[in-house]
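# Observations on chain architecture
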Amino acid sequence: MTRDAISLVPVDRDNWREVVDLEVTPEQRAFVAPPARYLTMCAYDGVWTPLAIRFEGRIVGMLMWAIDPDDGACCLGGVLVDRRWQRRGIGRRAVEHALARLAEHGATSGFALSYHPDNQAARRTYAALGFAETGEVEGDEVVARRGPASDGTDA
Ligand SMILES: CC(C)(COP(=O)(O)OP(=O)(O)OC[C@H]1O[C@@H](n2cnc3c(N)ncnc32)[C@H](O)[C@@H]1OP(=O)(O)O)[C@@H](O)C(=O)NCCC(=O)NCCS
């Protein structure tokens, strides 16, 4: 599968139901909120923007991004791939796609995200894309950062 087999598309009137219907496994529910909660947050908090992950004409996941007003870092959150589509490289490629797109559109201060320390799938996905844990914590999650360049410099 090439990165181009996956696209990130706006959540819109045609696909929002597919986003709401995305499911993670029961064990993973401890790590993320339901998609409907993320979409509602994006609709009302004026901070986060959601994107749907499309693969072979279907919506198979979602993620969202925001700029941290304190340091300009581009934050990723709500990254999830439907349980039926996991472990096929979609999560990693979707995040890679998002980083490239956001860097092109001005995310020059690097990227930040957080995940529960027990979340091995998240840790592996992000580590492979150059994210390094910084020692910061946010609630019960660890923070990882990466520079704007794909080699992970300037984090
Ligand atoms: C994290 C998530 C988006 C990864 O999506 P995915 O499409 O399955 O990921 P990929 O197939 O691209 O795999 C990426 C890496 O994660 C690893 N991985 C995927 N699922 C895993 C699992 N259940 N347990 C351990 N590692 C896992 C893969 O092996 C791969 O690492 P590797 O190349 O070092 O072997 C997906 O597991 C998910 O939606 N989880 C629930 C929501 C969540 O926790 N989101 C992150 C919140 S911070």
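Please refer to the structure higher up on the page.
The structure reproduced in this document is the subject of the present report. Fair warning: this is a prediction, and the values are worked out from it, not measured in the lab. (Residues numbered from 1 in each chain as written. Predicted model: local features only at pLDDT ≥ 70, side-chain atom pairs only at ≥ 80, totals over all residues. Heavy atoms only, no water.)

Locating His116 in the fold gives a position in the loop between strand 5 (111-115) and helix 4 (120-127). A distance of 3.0 Å separates a polar side-chain atom of His116 from the backbone nitrogen of Asp118. Apart from residues lying up to four places away in sequence, His116 is in contact with Phe31, Asp140 and Glu141. (Helix = DSSP H or I, 4+ residues; strand = E, 2+ residues; numbered from the N terminus. Polar contact = N/O pair within 3.5 Å; in protein donor to acceptor, adjacent residues only side chain to side chain. Contact = heavy atoms within 4.5 Å.)

A few words now on the packing of helix 3 (residues 90-104) against helix 4. The description of two helices packed together rests on the angle between their axes and the distance between the axes. Where helix 3 meets helix 4, the axes come as close as 9 Å, and the angle between the chain directions of the two elements is 45°. Between helix 3 and helix 4, the interaxial angle falls into the category oblique. For the crossing formed where helix 3 meets helix 4, the hand is right-handed. Taking contact as the criterion, the partners of Gly91, Arg92 and Val95 in helix 3 are, on helix 4, Arg124, Thr125 and Tyr126. Looking at the contact of helix 3 with helix 4 residue by residue, the class counts come to two nonpolar, two polar and two charged. (Axes fitted to C-alpha atoms, helices over the stretch in contact; angles between N-to-C directions. Parallel < 35°, antiparallel > 145°, perpendicular 65-115°, else oblique. Left-handed = near helix turned anticlockwise from the far one by under 90°. Nonpolar A, V, L, I, M, F, W, Y, C, P; charged D, E, K, R; others polar.)

This part takes up the pattern of salt bridges. Using the criterion set out here, one finds six salt bridges in the structure. Glu133 serves as the salt-bridge partner of Arg123, at 2.9 Å between the closest nitrogen and oxygen. Remark: Glu133 occurs in strand 6 (residues 132-138) and Arg123 occurs in helix 4; sequence separation between them is 10 residues. Residue Arg123 is classed as partly exposed on the basis of its relative accessible area of 23%. (Salt bridge = Lys/Arg side-chain N within 4 Å of Asp/Glu carboxyl O. Buried < 20%, exposed > 50% of the residue type's maximum accessible area, 1.4 Å probe, protein only.)

Ranked by internal contacts, the top residues of the largest apolar core, which has 27 residues, are Ile53, Ile90 and Phe131. Secondary-structure elements contributing two or more residues to this core are strand 1 (6-10), strand 2 (49-55), strand 3 (58-67), strand 4 (74-81), helix 3, strand 5, helix 4 and strand 7 (141-146). Per-element accounting of this core gives the leading share, six residues, to helix 3. Residues Val24, Tyr38, Met64 and Leu80 belong to the second largest nonpolar core, which totals 13 residues. (Core = buried A, V, L, I, M, F, W, Y, C linked by side-chain atoms within 4.5 Å.)

Examined bridge by bridge, strand 6 and strand 7 share four bridges and lie antiparallel to one another. Among the inter-strand pairings, Val137 is bridged to a residue of strand 7, identified as Val142. Between strand 6 and strand 7, which pair antiparallel one after the other, the connecting turn spans two residues, and Gly139 there sits at a positive phi close to 60°. (Pairing = 2+ DSSP bridges.)

Considering all chains together, one arrives at three aromatic pairs under this definition. Aromatic pair Phe55 and Trp85: ring centres 5.8 Å apart, planes at 75°, arrangement edge-to-face. Here the residue Phe55 occupies a position in strand 2, and Trp85 occupies one in the loop between strand 4 and helix 3, the gap between them amounting to 30 residues. Pair check on accessibility: Phe55 and Trp85 agree, each one buried. Here the aromatic rings of Tyr126 and Phe131 are separated by 5.9 Å at their centres, their planes lie at 65°, and the arrangement is edge-to-face. Just as Tyr126 is buried, Phe131 falls in that class too. Here the aromatic cluster, defined as three or more aromatic residues joined through ring pairs, consists of Tyr115, Tyr126 and Phe131. (Phe/Tyr/Trp six-rings, centres within 6.5 Å; stacked < 30°, edge-to-face > 60°.)

Read these as spatial facts, not as claims about activity.
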